[in-house]
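# Fold and contact review
Residues per chain are reported as follows:
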2 protein chains.
Amino acid sequence: MIWCRFQSGKDVSYGIVDGETVTAVEGLPWGEHRKTTRTHRLGEVKLLAPLVPGTFYCAGVNYRSHVIKMAAKRNAEPKFPEKPDIGYRSPNAIIAQGEAIVKPKDAGEEFQYEAELVAIVGKTAKNVSREKALDCIFGWTIGNDVSERVWQRGDRTLWRAKDTDTFKPMGPWIVTGLDYKKMRTIVKLSGRVVDDFATGDMIFNVEDYIVAMTKYVTLHPGDVIWMGTDGVPSNMKVGEVCEIEITGIGTLSNPIVAEA
Amino acid sequence: MIWCRFQSGKDVSYGIVDGETVTAVEGLPWGEHRKTTRTHRLGEVKLLAPLVPGTFYCAGVNYRSHVIKMAAKRNAEPKFPEKPDIGYRSPNAIIAQGEAIVKPKDAGEEFQYEAELVAIVGKTAKNVSREKALDCIFGWTIGNDVSERVWQRGDRTLWRAKDTDTFKPMGPWIVTGLDYKKMRTIVKLSGRVVDDFATGDMIFNVEDYIVAMTKYVTLHPGDVIWMGTDGVPSNMKVGEVCEIEITGIGTLSNPIVAEA
C-alpha cells in the first residue's frame with residue numbers, strides 16, 4: 001500500500017495512492033484512521049514530506065564500500081563502525097518530493113547527495129528481539145542525506161554540513177509490505193546514473209539497529225530511521241536534478257538551486 | 001510570567017502559574033491563545049515537560065572551566081570550540097519535573113548530571129542579527145543533560161550516553177522576561193551543593209549561537225536550545241535526588257532510580 005501526505009488547497013491530510021488517484025484519510029497511517037470520500041488526481045495535489053518525525057534517527061556510516069572509498073579519497077585507512085551507534089538529523093532540514101535543495105552561497109564544490117532507505121516507525125517499541133524487530137516498522141520511504149563535505153570534515157558537529165535548511169529531502173511517499181533486502185538504490189543526476197547499489201547490503205541492517213537502539217531508547221510511532229548510503233556520492237551542481245530511486249518505493253526527485 | 005504544561009485528570013494543557021494557582025490556557029504560549037476559567041492548585045496537577053520540541057538543539061561544550069577541568073581528568077589538553085557548532089539531543093529522552101531518571105543496568109559509576117539553561121524558541125527566525133537575536137526567544141527553562149561518561153568516550157555517537165530514555169529532564173516550567181546573564185546555576189545532590197556557577201559565563205552565548213545557527217537553519221516556534229554546562233559534574237547514585245536551580249526560573253528536581 002502507498003501512503004502519502006498531501007496538500008489540496010489549504011487542506012493537509014494523509015492519503016492512500018492508487019494508480020493516478022489519491023484518497024484522503026482522516027487520522028494517521030500508523031494509528032486510528034478512516035478513508036474519506038475525497039479523492040483527487042495525484043497530479044493535482046502537492047505531495048508533502050510523508051511525516052514530520054518525532055525523533056529523526058540516522059545510521060550514518062553503514063555500507064562497507066562507502067567506508068572504503070570515502071577513506072581512499074582522503075588517503076586514510078577505512079574505519080568500520082564496530083557496533084550500530086545511531087546518530088541524528090534535524091527536522092528543520094526536511095523538504096518534500098519536488099522541492100528545491102538550496103545550495104548555500106558559501107558551500108563548496110563537494111556538495112553531495114547520499115541516497116538512503118528510510119524506515120518509518122509505526123509502533124512503540126522497547127527491548128525488541130531480532131525476530132520481531134521489523135514488526136515496529138510501518139513502511140519505507142527514501143531520504144537524501146545532502147552533505148557539504150568541507151563543513152563535514154571541519155566543524156565540531158555535523159549541523160550545517162548535514163542539517164542546513166532543505167538538506168534533507170524525504171519522500172515521495174511511504175510504501176508498506178516491502179522486503180528491503182531485495183531492493184536496489186539508483187541515483188541519477190539530471191538523468192545520468194551516478195550510483196546503483198543493493199539497498200540491503202548494510203554493515204548493520206535495520207534489525208541490528210532496532211535491537212541495539214531499543215535496548216536504551218523507546219521507538220515511537222512517527223520516528224524515522226535513515227539507514228546510510230553506499231558508494232562515493234558525486235557532487236551536485238546548481239541546475240541539476242537529483243533523483244533517487246529505490247525499487248519498490250518510487251523516486252525522490254529534487255532540483256538543486258542556488259541560495260538567493 | 002510563568003508558563004507550564006500540565007495534566008489534570010485526562011486533560012493536558014498549557015497554563016499560567018500565579019503563586020500556588022495554575023490557570024489553563026487554550027492554544028500555545030508562543031502562538032494564539034486565551035485564558036480559560038479553569039484554575040487548579042499547582043500541587044494538585046501533574047507538571048509535564050514544558051514542550052515536546054520540534055528540533056532539540058544542544059550546544060554541548062560551552063563553558064571554559066568545564067573544558068579545562070574535564071580535560072584535566074583525562075590528562076588531556078583542553079580543547080576549546082572555535083565557533084558555535086550546535087549539536088542535537090533526542091525527544092525520546094525527555095522527562096518532566098519530578099519524574100525518575102532511570103540508570104540502566106549496564107551504566108557505570110560515571111553517571112552524571114549536566115545543569116543547563118534552555119532557551120525556548122517562540123518565533124520563526126532566519127538570518128538574525130546579534131541585536132535582534134534574543135527576540136525569537138520566548139522564555140527559559142532548565143535542562144539536565146544526563147550523561148554516561150564511558151559510553152560518551154567509547155561510542156561513535158552520543159546516542160546512548162546522552163539520549164537513553166529519561167536522560168533529558170526538562171522543566172519545571174518556562175519563565176519569560178529574564179536576563180540570563182544575571183542568573184546563577186546551582187546543583188544539589190540530595191541536598192548537598194555540588195556545583196554553583198554563573199549561568200551566563202558561556203564560551204559562546206545565546207546570541208552567538210542564534211546568529212551562527214540562523215545563517216543556515218530556520219528556528220521554529222517550539223524548538224529548544226540547551227546551552228551547555230560548567231564545572232565538573234559529580235556522579236549521581238541510585239537513591240539520590242538531583243536538583244538544578246537556575247535563579248529566576250526555579251528548580252528542576254528528579255530522583256535517580258535503578259532500571260527494573
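Residues numbered from 1 in each chain as written. Chains lettered and ligands numbered in written order. Predicted model: local features only at pLDDT ≥ 70, side-chain atom pairs only at ≥ 80, totals over all residues.

### Comments concerning the overall build of chain A
When you go through chain A residue by residue, the secondary structure sums to four helices and 19 strands. Whereas a compact globule of 260 residues would reach a radius of gyration of roughly 18 Å, chain A reaches 18 Å, a difference of no more than 12%. Overall, chain A is about 60 × 45 × 30 Å in size when its C-alpha atoms are taken along their principal axes. Buried positions account for 46% of the 260 residues belonging to chain A. Considering only intrachain contacts with a sequence separation of at least 6, the fraction spanning at least 24 residues in chain A is 72%. (Helix = DSSP H or I, 4+ residues; strand = E, 2+ residues; numbered from the N terminus. Rg over C-alpha atoms; globule rule 2.2 N^0.38 Å. Buried ≥ 20, exposed ≤ 12 C-beta atoms within 10 Å, placed from the backbone. Contact = placed C-beta atoms within 7 Å.)

### A look at the environment of Phe80(A)
All names here are of chain A. On the secondary structure map, Phe80 appears in the loop between helix 1 (64-73) and strand 7 (87-88). Residue classification places Phe80 among the exposed positions, given that 11 C-beta atoms sit within 10 Å. As for Phe80 and Ile68, which are separated by twelve residues in sequence, their C-alpha atoms are 8.5 Å apart. With near-sequence residues (within four places) excluded, Phe80 lies in contact with Arg64, Val67 and Ile203.

### Quick notes on the confidence of the model for chain A
Should the pLDDT be low somewhere, the predicted coordinates at that spot are not to be read in detail. Looking at chain A, pLDDT values average 96 and 100% of them are 70 or higher. In the predicted complex, the global pTM is 0.96; the interface-specific ipTM is 0.95. (pLDDT = per-residue confidence, 0-100.)

### Quick notes on the sheet that holds strand 15 (residues 184-189) of chain B
All names here are of chain B. As summarised here, the arrangement of the five strands in space is 9-19-18-15-16, forming an open sheet in which the pairing is mixed. The strands lining the two open edges of the sheet, one partner per strand, are strand 9 (101-103) and strand 16 (192-198). In this sheet, neighbouring strand axes are inclined to one another by 20° on average, regardless of whether the strands run parallel or antiparallel. Two strands pair when backbone bridges link them, and strand 15 and strand 16 are joined in this way by six bridges, in the antiparallel orientation. (Pairing = 2+ DSSP bridges. Axes fitted to C-alpha atoms, helices over the stretch in contact; angles between N-to-C directions.)

### Observations concerning the pairing of strand 4 (residues 33-41) of chain B
All names here are of chain B. Two strands pair when backbone bridges link them, and strand 3 (residues 21-27) and strand 4 are joined in this way by six bridges, in the antiparallel orientation. Within strand 4, the residue paired with Val22 across the bridge is His40. Between strand 3 and strand 4, which pair antiparallel in sequence order, lie five residues.

### Details of the interface of chain A and chain B
How big an interface is tends to be reported as the loss of accessible area on association of its parts. If you look at the interface, chain A gives 23 residues, while chain B gives 23 residues. Those elements giving two or more residues to the side of chain A that touches chain B turn out to be strand 7 and helix 3 (159-163) of chain A. With three residues, the single largest contributor to the side of chain A that touches chain B is helix 3 of chain A. Across the side of chain A that touches chain B, the residue classes tally to eight nonpolar, nine polar and six charged. (Nonpolar A, V, L, I, M, F, W, Y, C, P; charged D, E, K, R; others polar.)

### Considerations on the domain arrangement of chain A
All names here are of chain A. Along its sequence, chain A is carved into domain 1 (1-48) and domain 2 (51-258). Inter-centroid distance (C-alpha atoms) of domain 1 to domain 2 is 25 Å. Listed per partner, the contact involves eleven residues of domain 1 and 15 residues of domain 2. Only strand 1 (2-8) and strand 5 (46-48) provide two or more residues apiece to the side of domain 1 that touches domain 2. For the side of domain 1 that touches domain 2, the class distribution of residues is nine nonpolar, one polar and one charged. (Domains from an automatic or database assignment.)

### Things to note about the relation of the copies chain A and chain B
For the pair chain A and chain B, the superposition axis carries a translation of 0.0 Å, the fit reaches an RMSD of 0.0 Å, and the rotation angle comes to 180°. The transformation just described matches what one would write down for a two-fold rotation axis. (Least-squares fit on C-alpha atoms with pLDDT ≥ 70 in both.)

### Focus: the pairing of strand 3 of chain B
Alignment of strand 2 (residues 11-18) of chain B against strand 3 of chain B, held across five bridges, turns out to be antiparallel. Within strand 3 of chain B, the position partnered with Val17(B) by the bridge is Val22(B).

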